[in-house]
Amino acid sequence: MAALDLHGTVVTAALGPTNTGKTHSAIQRMLGHRTGMIGLPLRLLAREVYDRVVAQRGPEVVALVTGEERIEPPGARYWVCTVEAMPVEKPVAFVAVDEVQLCAHPARGHVFTDRLLHARGTVETMLLGADTMARAIQDLLPLAEVVARPRLSTLRHKGPHRLTSLPPRSAVVAFSANRVYELAERLRRRHGGTAVVLGALSPRTRNAQVALYQSGEVPYLVATDAIGMGLNLDVDHVAFSALTKFDGRVVRELHADELAQIAGRAGRYKRDGTFGTLDETGALPADVIEAIEQHRFPPVRRLWWRNDDLDLRSPEHLLASLERPPPARIFQRTADALDHQALAALIRRPHVRDKVRGPQATALLWQVCQVPDYRNDLTEAHVELLDRLHGWLSGPLARVPPDEIHRAVRRLDRVDGDIETLMARLAWIRTWTFISHREGWVDDAAGWRARTRAVEDRLSDALHEKLTQRFVDRRTRMEGGPVALGPARPPTLEADGTVQVLGTVVGQVRGLSFVPDPRGLPAEEPDFERALRRLLAGPIAARLDELLAAEDPAFTVTADGTLRWEEIHLGQLQPGREVLDPRIRTLRLDLLDDEQRARVQARLLAWRQALVQAVRAPLSRPPAAALGRPGRGLLFQILEGLGSAPMERLAPLWAEVGEADRRNLARLGLRLGRHHAYAVDLLLPPAVRARATLWAVFHGRPVPAEVPTGASAPRPPGLSSAQALAMGYALLGPRLVRHDMLERVDAWARQQARAGPFALEGPALDWLGCPKAEAPDLFRALGYRPVDPEGRRWAPAGRRHRPAPTG
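An account of the accompanying structure is given in this report.

Observations regarding the packing of aromatic side chains
Working definition: an aromatic ring pair is given by the centre-to-centre distance plus the angle between the planes. In total, this model carries seven aromatic pairs according to the counting rule given. Ring centres of tyrosine 181 and phenylalanine 471 lie 5.9 Å apart, and the angle between their planes is 20 degrees; this geometry places the pair in the stacked category. Taken as a pair, tyrosine 181 in helix 5 (residues 177-191) and phenylalanine 471 in helix 16 (residues 445-471) lie far apart in primary sequence, 290 residues in all. Overall, tyrosine 181 belongs to the buried group, its relative accessible area being 6%. Between phenylalanine 758 and tyrosine 784 the ring centres are 5.8 Å apart and the planes differ by 75 degrees, which places this aromatic pair in the edge-to-face class. Highlighted residues: phenylalanine 758 in the loop between helix 27 (739-754) and helix 28 (763-768) and tyrosine 784 in strand 33 (residues 784-786), separated in sequence by 26 residues.

Below, the structure is given as structure tokens:
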């Protein structure tokens, strides 16, 4: 356990290479708290995580904050943001910052360094990134706990390839747009097409191009190093077309850790990946290959830093404060951030410099300088826009004139032109979207946000279509299609599983089985169905390795106990002799051969074992073996209850448990309160999910789609007290209250009652996270009652109290 840092919070640094599950782990940790915030390096990734959190918690409690998009419901408890847009002033229990190795990025590093040093949750903080940051974090945050996260799959070097002989599911990496276009054109001519990803694409265009690749419509992806962060792709091989890049100042060789960040996109979850170069590029040095394969790189020694204690007395004072030297040798001052360059450029203009007087005017100028140029090169046209924007905001209207924004947006709302023209328009419209999100800068801000977003979507769709037209030759992709079934009868597998031959429905694929439709099968061809099954088995079996490599959370159980992986039904989870001994009845899986079927069955048994061990393992650690007979009996009762049991049932047994057994039970994480005995580790969300599933299957009840994950939650309709107990919760009035929190609230109430009747206010309601209106029902269920007609003062039921003095 990490000690509290100077901010009073536990700080954990989860560090490791790509494909370690760091971000997923942080999201789950965040959702275990009542409030939280996570900062991510890309708007695209922030949107993806926002969608995931909304799916688990609902849109009414999740906010999205990026430079170009703000979704802030009144009841927001979880904040998903880009790192630059994190509202760090908001007090939240949990904070995570992703990709902290970007502290070493020349352009953005100072922002990540600021978050590393200052962004904190009130209870817990997680820093995620490459293990090259371990030494810097230990130096700067000596009380932080550094946790190494191993890669889930193996990354291996595979020698140089010719571009035309690359294996399918390869990503070719270039470091300029022109080189990307050249390589994509060569792949189109040879293989029929490729998807294209560049950093300058809008998130919507990038998603559409990625979907083109992910769907299998094209077998290759050509990209800049933009794929090195935030994109989850089914890439088997990464090929570098160059080992140098222009970094904005000079052409330099890529460092081994930079190459590894990109190469790490090969392989996903537990599927291994490979990396290499094109033969025209030359081979990677042996020491670089070894470093990438072994994930060993020199530590980050210098972090980019910028003073955040800004002097707003005047533009000159502001500029001087931005150029203040760093406080320690580990830091390197950022000198050429775009907002800093914009400030220097604007105050060289006399009409701007003469207009800015005093802190308020200087603060406004600084806000204007922070409007981004999405081409990342601070063009003169962008400085002109900032100049005009400052003139509008500092003028009598103090707003962007409606006709000006209307004229600018209308000029950009065109989908004609080539790829470069569309990309330039997208950069401009994203800037106007950012402006519309600044509070008080435009009238009818919500309307302009909607309009600029609609224009961005139209431009993004047009750009995707242009890229597809240029780099995907669909006629070439159709050559060499499915082998004919009988005389010119290629089977077609629809998205819903329907199988057609020459337009006639002949059956349906359900999971890994084929269900024939006798009305469509040709009676005069007895071998037709056998041949059909053989052809269908090919694409189905192609997904077998992915299924077998899938992690346990990828398998889900529906309300009726059906076990699924993605859309494929695999079997049925059925009750066994005991609650911790469920059975799996697998489906026929008749599109697999015997060996494949056995492998699937073995994977499902491993999943079942993991489900059971999620409950059994925490209570099977070494202290359990040292328990005497009374201790083993008590442990058995708790294990039979899936981690919890009422104290009234255990009290006689507890009286017989000796001191040594009590210590060993405590080492197992067992806690005995006034109401329940419970295992602390089995109150964590993954264990609660396993407990709910096992209880529902054993008792023939629907498996719940959602389970409670916090200290308390609204009581779902129809939930019984036995089902709540099995999940580690108690029914308390209108809410489910987790057992540890029930004991904590009850202890607080008893302490208050010792001094006499007490008011239903204070930390207990914050712990529960419930509306104040529900408090009376909760405390009645705990055995308390009001002692005055207004219900302001409460005491244990059955105890007499004098009325409070008046006057």
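Topic: the nonpolar core
In this structure, Leu343, Leu389, Val400, Trp432 and Trp441 are the most contacted members of the largest nonpolar core, which totals 63 residues. With nine residues, helix 15 (residues 419-437) is the single largest residue contributor to this core. Core analysis: the second largest hydrophobic core is formed by 58 residues, Val509, Leu619, Leu627 and Ile638 among them.

Topic: the sheet that holds strand 5 (residues 78-82)
Pairing in this open sheet of eight strands is mixed, and the strands run 4-3-5-2-6-7-1-8 from one edge to the other. Among the strands making up the open sheet, the edge pair consists of strand 4 (70-71) and strand 8 (145-148). Relative to strand 7 (residues 124-129), strand 1 (residues 10-15) is paired through six bridges, and the arrangement is parallel. Within strand 7, the residue paired with threonine 12 across the bridge is methionine 126.

Some details on the packing of helix 15 against helix 16
Put simply, helix 15 and helix 16 touch, their axes get as near as 9 Å, and they point 160 degrees apart. The angle between the axes of helix 15 and helix 16 places the two elements in the roughly antiparallel class. Both helix 15 and helix 16 take part in a crossing whose hand is left-handed. Looking at the contact of helix 15 with helix 16 residue by residue, the class counts come to 14 nonpolar, five polar and seven charged.

Let's talk about the pairing of strand 5
A large share of strand 5 lies buried, amounting to five of its five residues. Of the strand pairs in this sheet, strand 2 (residues 36-40) and strand 5 are connected by five bridges, and their pairing is parallel. By the bridge assignment, glycine 36 is partnered in strand 5 with tyrosine 78. Two elements, strand 3 (residues 62-65) and strand 5, share four bridges in a ladder whose sense is parallel. In the sheet register, valine 62 faces strand 5, and the bridge partner there is tyrosine 78.

Things to note about the sheet that holds strand 25 (residues 568-574)
If you walk across this open sheet you meet the four strands as 23-24-25-26, and the pairing is antiparallel. Every other strand in the sheet has two partners, leaving strand 23 (555-557) and strand 26 (583-586) as the edge strands with one partner each. Direction aside, neighbouring strands of the sheet carry axes that sit 30 degrees apart on average. Alignment of strand 24 (residues 562-565) against strand 25, held across four bridges, turns out to be antiparallel. Bridge pairing links arginine 564 to histidine 569 in strand 25. Strand contacts of helix 20 (residues 594-616): strand 23, strand 24, strand 25 and strand 26, with the helix running at about 155 degrees to strand 26, the strand carrying the most contacts.

Let's talk about helix 25 (residues 685-699)
The end-to-end C-alpha distance of helix 25 is 21 Å, a good match for the 21 Å that 15 residues give at a rise of 1.5 Å each. For helix 25, the set of buried residues is Ala687, Val688, Ala690, Arg691, Ala692, Thr693, Leu694, Trp695, Ala696 and Val697. Glycine 700 sits one or two residues past helix 25 and shows a positive phi near 70 degrees.

Considerations on the pattern of salt bridges
For side chains bearing opposite charge, pairing can occur when the charged atoms are close. Scanning the model with the defined rule gives 39 salt bridges in all. The closest approach of N and O atoms between glutamate 72 and arginine 70, which form a salt bridge, is 2.9 Å. A residue is classified by how much of its surface remains accessible, and arginine 70, at 37% relative accessible area, is partly exposed. A salt bridge links arginine 780 to aspartate 777, with the shortest nitrogen-to-oxygen separation between them at 3.9 Å. With arginine 780 and aspartate 777 both in helix 29 (residues 775-781), this residue pair falls three residues apart, about one helical turn. Here the salt bridges share partners, and the residues they tie into one network are Arg43, Arg47, Asp51, Glu69, Arg453 and Glu456.

A few points about the environment of glycine 700
Turning to its location among the elements, glycine 700 is positioned in the loop between helix 25 and strand 30 (712-714). Residues glycine 700 and proline 575 lie 125 residues apart in sequence; the distance between their C-alpha atoms is 7.6 Å.

A few points about unusual backbone geometry
If a residue is not glycine, its phi is most likely negative; likewise, a peptide bond is most likely trans. Unlike most non-glycine residues, glutamate 99 shows phi in positive territory, near 60 degrees. On the secondary structure map, glutamate 99 appears in the loop between strand 6 (94-97) and helix 3 (109-118). Here arginine 169, not a glycine, exhibits a phi torsion of approximately 65 degrees, which is positive. One can find arginine 169 in the loop between strand 9 (155-157) and strand 10 (170-173).

What counts and what doesn't
Residues numbered from 1 in each chain as written. Predicted model: local features only at pLDDT ≥ 70, side-chain atom pairs only at ≥ 80, totals over all residues. Heavy atoms only, no water. Phe/Tyr/Trp six-rings, centres within 6.5 Å; stacked < 30°, edge-to-face > 60°. Helix = DSSP H or I, 4+ residues; strand = E, 2+ residues; numbered from the N terminus. Buried < 20%, exposed > 50% of the residue type's maximum accessible area, 1.4 Å probe, protein only. Core = buried A, V, L, I, M, F, W, Y, C linked by side-chain atoms within 4.5 Å. Pairing = 2+ DSSP bridges. Axes fitted to C-alpha atoms, helices over the stretch in contact; angles between N-to-C directions. Parallel < 35°, antiparallel > 145°, perpendicular 65-115°, else oblique. Left-handed = near helix turned anticlockwise from the far one by under 90°. Nonpolar A, V, L, I, M, F, W, Y, C, P; charged D, E, K, R; others polar. Contact = heavy atoms within 4.5 Å. Expected span 1.5 Å × (residues − 1). Salt bridge = Lys/Arg side-chain N within 4 Å of Asp/Glu carboxyl O.

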